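# Geometric and topological summary
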Amino acid sequence: MENKILVTRSSMPDLDEYIEEIKSIWDTHWLTNMGEKHQKFQKELIDYMQVDNVELLTNGHMALELSMQALNLQGEVITTPFTFASTTHAIVRNGLKPVFCDVDPMTFTIDSDKIESLITDKTCAIVPVHVYGNICNIEAIDKIAKKYGLKVIYDAAHTFGETYKGKGIGSYGDVSCFSFHATKVFNSIEGGCVCYSDREFGHALSRLKNFGIRNEEVVDGVGANAKMNEFCAAMGLCNLRHLQTEIEKRKTVVERYRERLSGIDGIQLNPIQENVESNYAYFPVVFDEKKFGASRNEVQDKLAEHGIGARKYFYPLTNTFDCFHNEFDVNETPVALHLSLRVLTLPLFADLNLEDVDKICDLVIACKRNYI
Ligand code: T4K
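Residues numbered from 1 in each chain as written. Predicted model: local features only at pLDDT ≥ 70, side-chain atom pairs only at ≥ 80, totals over all residues. Heavy atoms only, no water.

Right, let's talk about the sheet that holds strand β3 (residues 97-100) for a bit. Strand order in the open sheet formed by seven strands is β1-β9-β8-β5-β4-β2-β3, and the pairing between neighbours is mixed. Two strands lie at the open edges of the sheet, namely β1 (53-57) and β3, each paired on one side alone. Strand-to-strand twist across the sheet, computed as the mean angle between neighbouring axes with direction ignored, equals 25 degrees. Pairing analysis gives five bridges linking strand β8 (residues 175-179) to strand β9 (residues 192-196), with the strands arranged antiparallel. In the sheet register, valine 175 faces β9, and the bridge partner there is tyrosine 196. (Pairing = 2+ DSSP bridges. Helix = DSSP H or I, 4+ residues; strand = E, 2+ residues; numbered from the N terminus. Axes fitted to C-alpha atoms, helices over the stretch in contact; angles between N-to-C directions.)

With respect to topology, three strands assemble into an open sheet ordered β12-β14-β15, the strand pairing being antiparallel. Among the strands making up the open sheet, the edge pair consists of β12 (267-269) and β15 (343-346). Each strand of the sheet is rotated relative to its neighbour by a mean of 30 degrees, with strand direction disregarded. By the bridge criterion, four bridges tie strand β14 (residues 283-287) to β15 in an arrangement that is antiparallel. Residue pairing for β15: proline 284 is matched across the bridge by threonine 345. Where helix α9 (residues 296-305) meets the sheet, its contacts fall on β14 and β15, and the angle it forms with β15 comes to roughly 30 degrees. Sheet strands in contact with helix α10 (residues 334-342) are β14 and β15, and its direction is about 50 degrees off that of β15. (Contact = heavy atoms within 4.5 Å.)

With that out of the way, let us pick up the nonpolar core. In terms of nonpolar packing, the biggest core is built from 59 residues, with Leu45, Phe82 and Phe180 touching the most fellow members. At the level of secondary structure, the elements contributing two or more residues to this core comprise α2 (36-49), β1, α5 (138-148), β5 (151-155), β9, α7 (230-261) and α10. At six residues, the largest contribution of residues to this core is made by α7. Listed in part, the 29 residues of the second largest apolar core include Phe292, Ala310, Phe349 and Val364. (Core = buried A, V, L, I, M, F, W, Y, C linked by side-chain atoms within 4.5 Å. Buried < 20%, exposed > 50% of the residue type's maximum accessible area, 1.4 Å probe, protein only.)

This part covers the packing of aromatic side chains. This model, assessed by the stated rule, comprises 24 aromatic pairs. Connected via pairs of aromatic rings, a cluster forms that spans Phe82, Phe84, Phe108, Tyr132, Tyr282, Tyr313 and Phe314. Here the basic side chain of lysine 167 rests over the ring of tyrosine 172, its NZ or CZ set 4.9 Å away from the ring centre. Taking the ring centre of tyrosine 315 as reference, the NZ or CZ of arginine 296 above it sits at 5.2 Å. (Phe/Tyr/Trp six-rings, centres within 6.5 Å; stacked < 30°, edge-to-face > 60°. Lys NZ or Arg CZ within 6 Å of the ring centre and 35° of its normal.)

Rendered as structure tokens:
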């Protein structure tokens, strides 16, 4: 374990800083159910994320699942299969039918030109994913949603801290759902939030995260338990103080990767998007075996031999999962399929030192040379 370089490593504050933050919990004995830390964290996030409202939740998945429930959606939801299990599962667990749209070959996000042809009289919403922190074609999605009266719920799990056209990324769509999981750019151990503008939606969501309880005597929603506890909120408060520095460090790592790996035949790197202030969440590389001379799996194996844990985010596609028993036709999303067979996300975290980045790049490049 000691010398291994894994795909990411959780950011943590100094232990003393965390202890200082949680001390007051020993005075109040208030551990969860929207306590002082929860309220403070929520307020700080509204400022940081430049959004109207934030609801805190136990994780990014419950953010998605309960948002869909709070919107009272029924019927079909257009989404993409190039994502983590959570996005599709949240749709299915709400009794909704996912209708899979293909993705753009450069950004990995929903191909907005292909959305309209999938709309039927049962379509109620679009759930696009800002994959790897790459921003979807927000304007096109907004136009389609308005034209057909559809809700837009962004899976923004990868985009914490990003802005688009100078505005917090959480301010787009009807709802944006973020993850604060340990593996994310920003973590509260486990955690997540929903950003929204509609206050009615907010009331519904805040009840659903607490069993649907309206007050001590009225329970008028079939809710879940998705309340962020005080220890997670305290971790979030600490990590938020260091986030900008963490993002700067990640940027340095990404720049080194780009310097070393761009311009190599058969390697496609993540795009640099205009009008986006990036959080440098992931470093995906797409390997074209014919041009590069080695497959994605061969590169992953080579790195693993040297204790480097690159990951196939996102393979397999969610529309091929065993739990769906061949319900969906993967050939309807050929670009997503192509990418999922070729993409590898390389290690990326704030404290990854540049010598290690060079070592990883040397090994990747060596795969090409070995083959020739
Ligand atoms: N939507 C999208 C698009 C998502 O990507 C995700 C989550 C969600 C929704 C749902 O959000 P959450 O409900 O999770 O908040 C990880 C994460 O568990 C998951 O949060 C994330 N996406 C997904 C892309 O990656 P695994 O199964 O790959 O994690 P694991 O345990 O293999 O960890 C990866 C690496 O992270 C390890 O090799 C080392 C490092 N690590 C991991 C943990 C758990 C740490 O340094 N510290 C840790 O505590 O899913």
